[in-house]
Number of protein chains: 2
Amino acid sequence: MRTSALVQRLDRYIKLTPAERDALDWAERRETKVPAGAKLLIEGEESNTLFVVQMGWFHAAIRLANGGRQILRFHFPGDLMGTSSMAWAFAVHDFTAVSDCIVSELSKPNLGRIFREQPRLAGMLFAMSAAENVALSDRLTSIGRMDSVERVSTLILDVLARLRVTAGGVVDSFDFPLTQTDIGDAVGLTKVHVSRTLGKMEDQGLIERNGKRVKVLDEARMITMTGFIDRYHEIDSEWLITAEV
Amino acid sequence: MRTSALVQRLDRYIKLTPAERDALDWAERRETKVPAGAKLLIEGEESNTLFVVQMGWFHAAIRLANGGRQILRFHFPGDLMGTSSMAWAFAVHDFTAVSDCIVSELSKPNLGRIFREQPRLAGMLFAMSAAENVALSDRLTSIGRMDSVERVSTLILDVLARLRVTAGGVVDSFDFPLTQTDIGDAVGLTKVHVSRTLGKMEDQGLIERNGKRVKVLDEARMITMTGFIDRYHEIDSEWLITAEV
DNA sequence: CGGACAATTGAATGACCTCAAAACAAGTGG
DNA sequence: CCACTTGTTTTGAGGTCATTCAATTGTCCG
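Residues numbered from 1 in each chain as written. Chains lettered and ligands numbered in written order. Predicted model: local features only at pLDDT ≥ 70, side-chain atom pairs only at ≥ 80, totals over all residues. Heavy atoms only, no water.

### Observations regarding the protein's contact with DNA strand C
- Neighbouring residues of DNA strand C: 15 residues in total, closest Gln180 and Ser195 of chain A together with Ser148, Thr190 and His193 of chain B.
- Taking all atoms of DNA strand C within 4 Å of the protein, the share assigned to sugar and phosphate is 66%.
- Separating a phosphate oxygen of DNA strand C from a side-chain N or O atom of Gln180 of chain A is a distance of 2.5 Å.
- With respect to DNA strand C, the side chain of Arg196 of chain A contributes an N or O atom lying 3.1 Å from a base nitrogen.
- Among the secondary structure elements, those contributing two or more residues to the surface near DNA strand C are helix H7 (191-203) of chain A together with helix H7 (191-203) of chain B. (Near = heavy atom within 4 Å. Polar contact = N/O pair within 3.5 Å; in protein donor to acceptor, adjacent residues only side chain to side chain. Helix = DSSP H or I, 4+ residues; strand = E, 2+ residues; numbered from the N terminus.)

### A word on the pairing of strand S11 (residues 213-216) of chain B
Residues and elements named next belong to chain B.
- Burial of the side chains of S11 is restricted to one face: Val214 and Val216 are buried, whereas none of Arg213 and Lys215 on the reverse face is.
- The pairing of strand S10 (residues 207-210) with S11 spans four bridges and is antiparallel. Note that in S11 the partner of Asn210 across the bridge is Arg213.
- The loop that links S10 with its antiparallel partner S11 comprises two residues; one of these, Gly211, has a positive phi angle of about 60°. (Buried < 20%, exposed > 50% of the residue type's maximum accessible area, 1.4 Å probe, protein only. Pairing = 2+ DSSP bridges.)

### Notes on the sheet that holds strand S9 (residues 173-175) of chain B
All names here are of chain B.
- Spatially, three strands are ordered S9-S11-S10 in an open sheet, and the strand pairing comes out antiparallel. On the outer flanks of this sheet lie S9 and S10, each paired with one strand and no other. Averaged over all neighbouring strand pairs, the angle between strand axes comes to 20°, with direction disregarded. (Axes fitted to C-alpha atoms, helices over the stretch in contact; angles between N-to-C directions.)

### Quick notes on the domain arrangement of chain A
Residues and elements named next belong to chain A.
- When its domains are assigned, chain A resolves into domain 1 (5-135) and domain 2 (142-226).
- Averaged C-alpha coordinates put domain 1 and domain 2 at centres separated by 24 Å.
- The partner domain 2 presents 16 residues to the 15 residues of domain 1 that form the contact.
- Interface area for domain 1 against domain 2, summed over the two sides, is near 1300 Å², with a carbon-plus-sulfur share of 61%.
- Three residues stand out in domain 1 for area buried against domain 2, namely Trp57, Phe74 and Phe76, and they jointly supply 41% of the buried area on that side.
- At the junction of domain 1 with domain 2, the criterion picks out three salt bridges. (Domains from an automatic or database assignment. Contact = heavy atoms within 4.5 Å. Buried area = accessible area lost by both parts, 1.4 Å probe. Salt bridge = Lys/Arg side-chain N within 4 Å of Asp/Glu carboxyl O.)

Right, dumping it as C-alpha cells:
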C-alpha cells in the first residue's frame, strides 16, 4: 500500500517516528474514489469521520437561505478534511470533489486515540489547522477589502501555494478545474463578473489562459497588489518539543 | 485567586477533572491589565505566548498594504487568543483591546505540555478552535454573499451569541463598544455606509440604539434573513472519550 | 449534428464608495 | 463654566464597480 498523503505531509514538517507512522496507518481506513462533481458529505448530515485527501481537489462550501453558495476552502492531497466539524456530530459544510479524487477515512474516535497516544501528532495537526485558518482569514480579508482583480489574484496565488506544498518544485501554471461560477462563489463575485475580471487580468498581463489551464505571468505584481503571504510553506513546531519548564 | 475564565469555559463543555484544572492553573501565568484601545500584540512581532481573556473584549485584525484593516475575530472572556499563530514564531494578527481588559498568558511550550499530559484538554481546545473557525467561515459567507443590513445583522447576532456563552441567561441588549469604523472593518463596509445601514435597521424595527447601547428588537427576523447559526452553544466531545476500537 | 453547459459580451440598474460638510459627543485646559 | 480640541456620527451629492437580465458564442460529449 502507498504511504498516505497525510503521512507525507506531516513528514514534510516534522520527521515522524515509526510509532507515529504506525498510529496513522492504524487510524486511516478504506480508500474510496470520488468522481469529479460528486459530494462526499452534505451539510447537516450526521458524520463521525474526517477524510484525508489522497488525490485530487475538493472544495468545502456552505449553502445560503437564498439559494446561493459560498465556497470556503479548497482541499488538496495531504489535507485532513472536516476538522471544522470536530465540534459537532454533523457536517457543517458540503464537500464536493472538484476533480476525480481518492480519499481515506479517519474516524473522530480514531483521532481521539491519536490525541491520547501521539501528542506530537495532535499538536502538529493543531498547528496545521491553525495555518489553514489563517489562510481562511486572508481570504476573508481579500473578500472584505479588495476589488475583483485582487480577489481573483488572491485565489490564484493561494492555489499556487497549495500546489507547491505537494509538488515540491516551483509551479507557475496549472489546470484550473473550477468553473467561473465556482470561482465567483469562492471570492464573492457573480460568474459574469468573474469572466470580465479574468479578461481584464489577461489584458493587464497578469495571467494567460488556454482552456482550463492558467499560467501566472506576473506573480510579483499579484503579490504586491494583494499582500499575499504563503501560509503553507513553513509550520513551526518548536513549542511541541521545547523542554519542560 | 479567581478561577481562570478558560477553566470556566472548558468546564461549561466538559466536566474537568482536578488534574486537568491543576494543569491549566500551572500553565497560565501573570495576569495583566490592558486598557481599551491598547494593542496587546502587533502583527509580525515575535511571540511565544497565547493569551486567555479574563475580562473585556478584544479584536484580532490584519493590516492591508493600502492602509486598510480587516477585523477578523472578536475575543471574549474564556477565549484562548492567538491559536492562529501556533504555526509560526510570530503573530499573524494584531490584538487590540476594545474595552478595558484583563488577560493571562499561556506560553506555547506550556500548551505543548498540556498536549502531552492532558489529551482531553488538547482535544477540547482543538474542538473549540474548530468552532471558532466555523464562526469565521460564517462571517466570510456573510461578507461574500450578503448585503449591508445582513452583514451587520450577522455581526450583531454573533456578538450576542458570544455574550450569552459567558452571561448564562438570555441577553437581548448590550454595550457595543465598537466605533462605526470598527464595524465597517469587521464586515467589509465603509464607516459612512455603516452609519446608513444602522439607521436603516432602526427604521426597519430590527434594532434600537441609545448611545453605545444596542437592543435587538427582532432577533427572529434577523436570524431568518441571515441564516445565522449559533456555533458556540454546544461543543461535541464524544469523540474524545469513545472507547477504543 | 444536437443538446447541455460554460464563457463572453452588452446595456441598464443599483449598492456601496468617495468626497465633503455639518452636527454631535466627550474631554481638556483656561 | 466656557472655549477649544479631537473624534464619531450623520447627511448630501455624485461617481464607480459589480450586479442583473438577456442574448450570443464557444466547448464538450453523446
